[in-house]
Amino acid sequence: MRFHPGNMILVLALAAGVAAAQQNYGGASAIPPAPPIGSKMPGLKLATLAGDSTDLASVAGKQGTLVIFVSVQCPVSNAYNERMEALAQEWRARGFAVVGINSNRTESPDAVATHAREHGLTFTILKDNDNRLADALGASFTPETYLFDAGGTLRYHGRIDDSKDASQISKRDLTEALDALASGKTVPVAETKAFGCTIKRVPRA
Amino acid sequence: MAERSKNGWRRGRLAASGLIILCTLGAAAAGARAGHPARQDSAPPKKAPAAAPAQKPLEVVDADRYLALVADHRGKPLMVTFWATWCEPCREEYPMVIELARQYAPKGLVVLGMNLDDDAEEPLALRFLNKTQPEFSNYRKKPGKEEEFINRVNTKWSGALPATFFYAPDGRLVGQIVGEAQRTAFVTALDQLLAPPNPK
């Protein structure tokens, strides 16, 4: 999806058929819309924490690729550290690559690496400089997930589960999506939402 | 006097402000919710009293109640700011929101704060409000059913915070600011919200 400048008017047609103009006053940090389910995995350049150039295709898994936008500082992202690591370990063994993406301009590769080490995160984490991948995927908060199948098609986008508090989970949407992909079934709920910290984007002119 | 660390200063001031303004905030919030104008003459910070009275919890609202609140304010332009104590940019922008509320009140703007902290975090939210002293009402979202709530507020919203929504006097959602934004973005939004409607 193309990046939309901060003050572009978004014209929306509401479900009821009433046309409404909803202005996005997002200023320097406007968030582009997310691509629909069925879109292809972007081929944008990313950086390893060591500073080398890479992209999602290079780290993709044979059965699929789970992309998770993560943060060093966000308490919501951090509330999911154990869950993300557990997902990475379980699904890595089943042929899925789990890739963390840090798009926050305020969080350096060193900070990301230190945080991962301190919290026992063993999955690959890449830096998304100038939040280009976040823009291409319309990622707006952390943690936010995008699950691509073996062919690089987007099959699930949204939350990991329905509760920041791990003791209150009632719906594990991401796990259900992974299970569906692994058994060749349709993903039951392909798009979900959750509260999270916005990604710290670079200001745009 | 020994130089205090930034955190020490903040904590000390938090404790002092937290204890003094409780009753004032409670009264102001109750008054504001009842539709009375907010108090302009809050007492200057004093030394903390020995015993702290219980903090008054925020009214908890579900999606139905939130939409009813928005509908209740028809006839006036409305700005609703969503925040949580775990959202650092929300905490950073909140004093600016308070200042904008004060600045645009004479032009008829109504402001509401919607807190998204869980039950366990509510004391932090109340402490934050005691420290920042908004002159507008704040409510807290009922925990659970997040996705339904997000979609019923705005289907175009992902749930990312900070988020501020602008409602025209006829009740329509006409604009939003999601993510960190400069004051100029808010001013642009408010000036447009409060401008007389263009003839079609």
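Residues numbered from 1 in each chain as written. Chains lettered and ligands numbered in written order. Predicted model: local features only at pLDDT ≥ 70, side-chain atom pairs only at ≥ 80, totals over all residues.

### Here we look at the overall build of chain B
Here comes step 1: When helices and strands are tallied, chain B shows seven helices and seven strands.
Here comes step 2: Looking at chain B as a whole, 36% of its 200 residues are labelled buried.
Here comes step 3: If you take every contact in chain B between residues at least 6 apart in sequence, the share linking residues at least 24 apart comes to 71%. (Helix = DSSP H or I, 4+ residues; strand = E, 2+ residues; numbered from the N terminus. Buried ≥ 20, exposed ≤ 12 C-beta atoms within 10 Å, placed from the backbone. Contact = placed C-beta atoms within 7 Å.)

### Points about the interface of chain B and chain A
Here comes step 1: Each partner contributes to the interface: chain B provides 30 residues, whereas chain A provides 26 residues.
Here comes step 2: Elements with a contribution of two residues or more to the side of chain B that touches chain A: helix 6 (146–153), strand 5 (160–161), strand 7 (173–178) and helix 7 (183–194) of chain B.
Here comes step 3: The dominant element in the side of chain B that touches chain A, judged by the number of residues it contributes, is strand 7 of chain B, at six residues.
Here comes step 4: Looking at chain direction, strand 11 (residues 196–198) of chain A and strand 5 of chain B are connected through two bridges and run parallel. By the bridge assignment, Gly196 of chain A is partnered in strand 5 of chain B with Ala160 of chain B. (Pairing = 2+ DSSP bridges.)

### Things to note about the sheet that holds strand 3 (residues 45–48) of chain A
All names here are of chain A.
Here comes step 1: Pairing within the open sheet is mixed, and its seven strands lie in the order 4-3-7-6-5-9-10. Single-partner strands in this sheet number two, and they are strand 4 (53–55) and strand 10 (154–158). Going across the sheet, the axis of each strand differs from the next one's by a mean of 35°, ignoring polarity.
Here comes step 2: Where strand 5 (residues 64–69) meets strand 9 (residues 144–149), six bridges bridge the pair, whose relative direction is antiparallel. By the bridge assignment for strand 9, Leu66 is matched with Leu147.
Here comes step 3: Here helix 3 (residues 81–92) sits on the sheet and contacts strand 5 and strand 6 (96–102); the angle it forms with strand 6, its principal contact strand, is near 150°. (Axes fitted to C-alpha atoms, helices over the stretch in contact; angles between N-to-C directions.)

### A short note on the pairing of strand 7 of chain B
All names here are of chain B.
Here comes step 1: For strand 7, the tally of buried residues reaches five of six residues, placing the bulk of the element in the interior.
Here comes step 2: In this sheet, strand 7 lies alongside strand 6 (residues 163–167) in antiparallel orientation, the contact comprising five bridges. The residue of strand 7 that forms the bridge with Phe166 is Gly175.
Here comes step 3: Between strand 6 and the antiparallel strand that follows it, strand 7, lie five residues; Gly171 among them carries a positive phi value of about 95°.

### So, the confidence of the model for chain B
Residue and element names in this part refer to chain B.
Here comes step 1: On average, residues of chain B carry a pLDDT of 82, and 70% of them reach 70 or more.
Here comes step 2: Low pLDDT (under 50) marks residues 1–9, which in the prediction has one contact with non-local residues, meaning those over four places away or in another chain.
Here comes step 3: Low pLDDT, under 50, characterises residues 50–54; the predicted model gives this stretch three contacts beyond four residues in sequence or across chains.
Here comes step 4: Both scores are available for the predicted complex, with the pTM at 0.79 and the ipTM at 0.81. (pLDDT = per-residue confidence, 0-100.)

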